[in-house]
Amino acid sequence: MIARSLLAAILVLAPSLLRAETLVTALSTERVSIESNFTGSGVVIFGTVERDQQTVARGAPYEVVVTLTGPLRPMVARRKERVAGIWINRTSSELPRVPSFLAIATTAPMADVAGNPVRARQGLGFDMLPTRGLPDALPPIRTEFDGAFFRLMQKEGLFSLNEGGVEFLSPQLFRAPIALPSNVPIGWYTATVYLFSGGALLAKTTQDFSILKGGFEQAITNLAHRQPALYGLATVVVACFTGWLAGVAFRRD
Amino acid sequence: MDLYLPIAEMPMNVFLLLGMGAAVGFLSGMFGVGGGFLLTPLLIFSGISPAVAVASVSSQIVANSASGVLAYLRKKTVDLKLGLYLTLSGIIGSAIGVWVYGALRGVGQLDVVIALCYVAFLGTIGMLMAVEAVRAIIAKQRGTPLPVRRPGQHSWIAGLPLRVRFHRSRLYISALPVITLGAAIGFLGALLGIGGGFIMVPALIYLLRVPTTIVIGTTLLQTLGTMAFTTFMQSATNQTVDVILGLALMVGGVVGAQFGARAGQSLRGETLRLLLGLLVLAVGLRFAVDLVAKPEELYSISRMGGS
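Residues numbered from 1 in each chain as written. Chains lettered and ligands numbered in written order. Predicted model: local features only at pLDDT ≥ 70, side-chain atom pairs only at ≥ 80, totals over all residues.

### Brief notes about the overall build of chain B
Part 1 of the reasoning: From N to C terminus, chain B includes ten helices and five strands.
Part 2 of the reasoning: Relative to a compact globule of 307 residues, whose C-alpha radius of gyration would be 19 Å, chain B shows 19 Å and is just as compact.
Part 3 of the reasoning: The dimensions of chain B, computed from C-alpha atoms along their principal axes, are 55 × 45 × 40 Å.
Part 4 of the reasoning: The buried share among the 307 residues of chain B stands at 53%. (Helix = DSSP H or I, 4+ residues; strand = E, 2+ residues; numbered from the N terminus. Rg over C-alpha atoms; globule rule 2.2 N^0.38 Å. Buried ≥ 20, exposed ≤ 12 C-beta atoms within 10 Å, placed from the backbone.)

### A few points about the interface of chain B and chain A
Part 1 of the reasoning: In this complex, chain B contributes 44 residues to the contact, which on the side of chain A involves 49 residues.
Part 2 of the reasoning: For the side of chain B that touches chain A, the secondary structure elements donating two or more residues are strand 1 (2-5), strand 2 (10-13), helix 3 (50-74), helix 8 (212-238), helix 9 (243-265), helix 10 (269-292) and strand 5 (299-303) of chain B.
Part 3 of the reasoning: Its residues assigned to classes, the side of chain B that touches chain A shows 28 nonpolar, twelve polar and four charged.
Part 4 of the reasoning: With five bridges joining them, strand 5 (residues 72-83) of chain A and strand 5 of chain B adopt antiparallel strand pairing. For Ala77(A), the partnering residue across the bridge sits in strand 5 of chain B and is Ile301(B). (Contact = placed C-beta atoms within 7 Å. Nonpolar A, V, L, I, M, F, W, Y, C, P; charged D, E, K, R; others polar. Pairing = 2+ DSSP bridges.)

### Focus: the domain arrangement of chain A
Part 1 of the reasoning: Partitioning chain A into domains gives domain 1 (22-213) and domain 2 (215-248).
Part 2 of the reasoning: Listed by partner, the interface residues are five residues for domain 1 of chain A and four residues for domain 2 of chain A. (Domains from an automatic or database assignment.)

### Brief notes about the sheet that holds strand 5 of chain A
Part 1 of the reasoning: Taken in spatial order, the three strands of this open sheet run 6(A)-5(A)-5(B), and their pairing is antiparallel. Among the strands making up the open sheet, the edge pair consists of strand 6 (86-99) of chain A together with strand 5 of chain B. Geometrically, the sheet is characterised by an average inter-axis angle of 25° between neighbouring strands, direction not taken into account.
Part 2 of the reasoning: As paired strands, strand 5 of chain A and strand 6 of chain A are joined by eleven bridges and run antiparallel to one another. Within strand 6 of chain A, the position partnered with Val83(A) by the bridge is Ile86(A). (Axes fitted to C-alpha atoms, helices over the stretch in contact; angles between N-to-C directions.)

### Structural notes on the pairing of strand 11 (residues 187-197) of chain A
Residues and elements named next belong to chain A.
Part 1 of the reasoning: Two elements, strand 4 (residues 62-69) and strand 11, share eight bridges in a ladder whose sense is antiparallel. Of the residues in strand 11, the one forming a bridge with Thr67 is Thr192.
Part 2 of the reasoning: For strand 11 and strand 12 (residues 200-213), the ladder comprises eleven bridges, and the chain directions are antiparallel. Residue pairing for strand 12: Ser197 is matched across the bridge by Ala200.
Part 3 of the reasoning: From the end of strand 11 to the start of strand 12, which pair antiparallel, there are two residues, and Gly198 there has a positive phi angle of about 55°.

### Notes on the nonpolar core
Part 1 of the reasoning: The biggest cluster of nonpolar side chains holds 146 residues, and the ones touching the most others in it are Val64(A), Val65(A), Val66(A), Leu5(B), Val62(B), Leu224(B) and Ala248(B).
Part 2 of the reasoning: Each of domain 1 (22-213) and domain 2 (215-248) of chain A accounts for three or more of the residues forming this core.
Part 3 of the reasoning: Apart from residues no more than four positions distant in its own chain, Val65(A) is found in contact with Ile104(A), Thr106(A), Val113(A), Leu124(A), Tyr194(A) and Phe196(A). (Core = buried A, V, L, I, M, F, W, Y, C linked by C-beta atoms within 7 Å.)

And the structure:
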């Protein structure tokens, strides 16, 4: 009895004895601060593929995909229709949990890195990212509103796909620079690195970093959100003072 | 030089903001109107969300009207009692406007309502002003003075109850049209991000028969009170007032207004009214074209329940 359960345990553990690659990744920064002169920034994701003598030999080269995902937000997509001669929003669709920012960088065209079933399970790629619910074995069903969402997010520069954006510096070491546009949303970001070979996912790491407003900008935002009445009052006082100052400065009588 | 706007959460060129403020301030100083009806669309067209644009412009209007009110108070051409009636009713209208604004934004119909209101009000007022100014110019050239309606001849408004005496304006009229007018302007101000001076001034002159000398100062007082309240309300409920954006517009605006006022003095009254009428009409037409023409992009995305 004991021998049989031991055997079962060994059989379960056996694949992990034949070691797969491990990924070690690092970010060039852990915190991006938005100051008054902010016009965009960037972050670089570095990584190495660690392997030793036990690691199985791979027939295919390593392929890496890096995604940088911004805070998840509920969004609405709307479609205009002509009603009584004017164009107004008629139909809409809610996208309850979608990233406010998504940059994808790869070593090769997405279709060559991994097949649809593998990517669907990870929700990896604009065509596989679920807009409702969690990633599934099947690719998500896309409505016209989902299509518009991905198109408009790319147009605003918040979603981007850079095939070839991950560069191997040596057989093991890679880097992926990702640009952060000036309209980048504030909040917590997750950098996820996927390691593929021959279409199979070998390893995956995630790392968090934050994009925050700088001291003065954050102080104003905090005041506006935590003390809205005081903020409103202060704004009115500033406005009245500016008006008074101008009246005095340009007084002609 | 770009300046990051903390509430709008986007950078904008500071010289562009100062320039827009100055250009609109110049026109407002020239025509004696607040200019919110020009500034709010300008900001929306340059990429700032309508929520932040409407709310932040209200703070700029406060600064502009504050410097104006001071000048008219020194000249003693403000009817404080009439201004108080208009301001208090304006505050009620503004509170309703801020609420309607939030409700429309929630169902995604804010943009079309703003556009329709701009078309309706700017179209009507612009047309009336332009026609009136052209008639005045023609009459002047022919040398036949227009028939002037005497202040004593009141219309149906005179028959309304709850009469109140406004000494400074030499009026004894019902409080009902005064309150309705104030509330309507306050409502539109909050909803559209305009001071409403270009509606208030003709309404006071032609409907309530307030003496022309008193009208501008009293209108500015009402604009100051209502817009200060709107700024406060938008901050407190929607948290969409960007003080940095507002400040940049204020600085440009108050400087531009001084030069505009000087330029306005060298133009004749009818010419001024014709130009303002055409300008108002042009902004209204711009919105009308956007509503009627098939948009290039039928879809839009926004954060649920927000900007």
